[in-house]
Amino acid sequence: MDGAARVYGGIEAGGTKWVCAVADAGGDLLATEVIPTTTPETTIRAAVRFFEGHRPLAALGVGTFGPVDVRPGSPTYGRILATPKQGWANADVVSPFRAALGVPVRLDTDVNAAALGEWRRGAGMGLGTFAYMTVGTGVGVGAVVNDGLVHGLLHGLLHPEFGHIRIPRDPVRDPFTGSCPFHGDCLEGLASGEAMRRRWGRPAEHLDDPSAWELEAEYVALAVVNLTYTLSPERIVVGGGVAKHPALLPAVRARLLTLAAGYPGAPVPVGQAAMDEYVVGPSLGDRSGVAGAVELARAAGPAPSSPRF
């Protein structure tokens with residue numbers, strides 16, 4: 001295979017859509033395609049067709065919604081675990097690509113892929129400890145600590161599930177009991193796009209009620225302050241469809257300063273100017289996840305052109 005012609009594939013496998021891309025050896029995107037998330041068989045088949053049209057392919061990176069088994073060598077590696085996404089529990093998102101494309105496949109969570117994309121090519125460049133929070137259909141966090149992606153329990157079989165942390169809910173202010181089928185009013189159950197749709201009767205992108213966004217900012221700020229005190233990241237990127245609302249991040253920053261309450265030694269930056277640099281939107285926009293998936297592929301290829309994480 002001619003190294004100069006080699007391309008790397010990436011998939012941001014979301015619950016609503018899959019974004020597929022190929023990139024050159026430097027990680028610059030050459031072509032993309034968006035595929036609706038339907039059944040595993042139909043969605044994977046469409047993704048395979050995309051990559052078959054962009055050979056020679058050196059490797060493929062996949063950042064998927066989960067929970068998912070991300071531990072190489074595990075008997076269930078590459079399989080979606082218990083998920084509320086109908087039809088996707090136990091779906092294999094690695095083996096079909098290996099079989100069809102005959103290339104190495106590297107897997108991680110969708111939020112870790114987004115964190116990796118922003119760390120390598122966006123708002124997290126040059127930082128040793130960095131976090132990416134997505135607030136969209138679901139809520140999750142990917143993190144880089146000491147120049148490596150964070151995994152978790154059982155020797156990396158599981159991964160952090162920050163979207164399911166418990167945060168306080170005032171039942172008078174917010175009588176909605178949450179949308180999470182497992183926990184009700186966990187962070188995802190209160191602040192995700194699905195939670196907003198169920199609470200207010202309209203998708204987040206069609207909500208213009210200031211009280212809806214004040215409540216959303218409260219929940220996201222509570223999550224950010226928990227993440228700050230737990231991980232002490234040098235920067236937090238907040239992305240996802242819900243986070244695109246122009247009023248959300250400014251309100252989160254303002255509330256975060258109040259929640260810190262002057263705690264001595266708090267990692268929360270003091271002052272609005274510092275806060276504006278601490279909690280930011282994604283530099284790569286909607287391409288954070290697929291750019292990170294390409295970085296996974298570049299690290300997995302037969303002649304890696306990117307550091308291993």
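Residues numbered from 1 in each chain as written. Predicted model: local features only at pLDDT ≥ 70, side-chain atom pairs only at ≥ 80, totals over all residues. Heavy atoms only, no water.

**Digging into unusual backbone geometry**
- Cis geometry is adopted by the peptide bond preceding P56, which originates at R55 and carries an omega value of 5°.
- For P56, the position within the fold is in the loop between helix 1 (40-52) and strand 4 (57-64).
- Note that the residue after G66, namely P67, is joined by a cis bond; omega there is 5°.
- Summarising the element assignment, P67 is placed in the loop between strand 4 and helix 2 (95-101).
- Located in the positive-phi region is N146, a residue other than glycine, with phi close to 50°.
- Tracing the backbone through its elements, the reader meets N146 in the loop between strand 7 (139-145) and strand 8 (148-149).
- Phi at D147 is positive, roughly 65°, even though this residue is not glycine.
- You can see D147 is positioned in the loop between strand 7 and strand 8. (Helix = DSSP H or I, 4+ residues; strand = E, 2+ residues; numbered from the N terminus.)

**What about the sheet that holds strand 4?**
- Across the sheet, five strands lie side by side as 3-2-1-4-5; this open sheet has mixed pairing. Pairing within the sheet leaves two strands with one partner each, and these edge strands are strand 3 (29-36) and strand 5 (105-109). The mean angle between the axes of side-by-side strands here comes to 15°, regardless of whether they run parallel or antiparallel.
- Inspection of the sheet shows strand 1 (residues 7-13) paired to strand 2 (residues 17-23) by six bridges, in the antiparallel sense. Within strand 2, the residue paired with Y8 across the bridge is A23.
- Sheet contacts for helix 3 (residues 110-121): strand 4 and strand 5; angle to strand 5, the most-contacted strand, approximately 100°. (Pairing = 2+ DSSP bridges. Axes fitted to C-alpha atoms, helices over the stretch in contact; angles between N-to-C directions. Contact = heavy atoms within 4.5 Å.)

**Concerning the packing of aromatic side chains**
- Overall, the coordinates contain four aromatic pairs when judged by the stated rule.
- Each ring, one from W18 and one from W88, has its centre 5.9 Å from the other, and the planes form 45°; the classification is tilted. Taken as a pair, W18 in strand 2 and W88 in the loop between strand 4 and helix 2 lie far apart in primary sequence, 70 residues in all. Grouping residues by exposure puts W18 and W88 together as buried.
- Look at F65 and W88: their rings are 5.6 Å apart centre to centre, the planes differ by 70°, and that puts the pair in the edge-to-face class. A residue pair is termed long-range when its members are at least 10 positions apart, and F65 in the loop between strand 4 and helix 2 and W88 in the loop between strand 4 and helix 2 qualify at 23 residues. Like F65, the residue W88 is buried in the burial classification.
- Among the aromatic residues, those joined into a ring-pair cluster are W18, F65, W88 and F97. (Phe/Tyr/Trp six-rings, centres within 6.5 Å; stacked < 30°, edge-to-face > 60°. Buried < 20%, exposed > 50% of the residue type's maximum accessible area, 1.4 Å probe, protein only.)

**Points about the pattern of salt bridges**
- One pass over the structure, following the stated rule, counts 13 salt bridges.
- Among the salt bridges present, the one from E295 reaches R298, with a minimum N-O distance of 2.8 Å. Here E295 and its partner R298 are both found in helix 10 (residues 288-300), three residues apart, which amounts to about one turn of the helix.
- Since its relative accessible area comes to 0%, E295 is described here as buried.
- Several salt bridges share partner residues, and in doing so they unite D28, R120, R121, E295 and R298 into one network. (Salt bridge = Lys/Arg side-chain N within 4 Å of Asp/Glu carboxyl O.)

**A few points about the nonpolar core**
- If you look at the biggest cluster of nonpolar residues, it comprises 38 residues, and the most contacted ones within it are M133, V224 and V279.
- For this core, the elements supplying multiple residues, two or more each, are strand 6 (129-135), strand 7, helix 5 (187-191), helix 7 (210-231), strand 9 (236-239), helix 8 (248-260) and helix 9 (272-278).
- In terms of residues, this core owes the most to one element, helix 7, which gives 12 residues.
- Grouped together as the second largest cluster of nonpolar side chains are 30 residues, I11, A13, C20 and F97 included. (Core = buried A, V, L, I, M, F, W, Y, C linked by side-chain atoms within 4.5 Å.)

The analysis is restricted to geometry; functional conclusions fall outside its scope.
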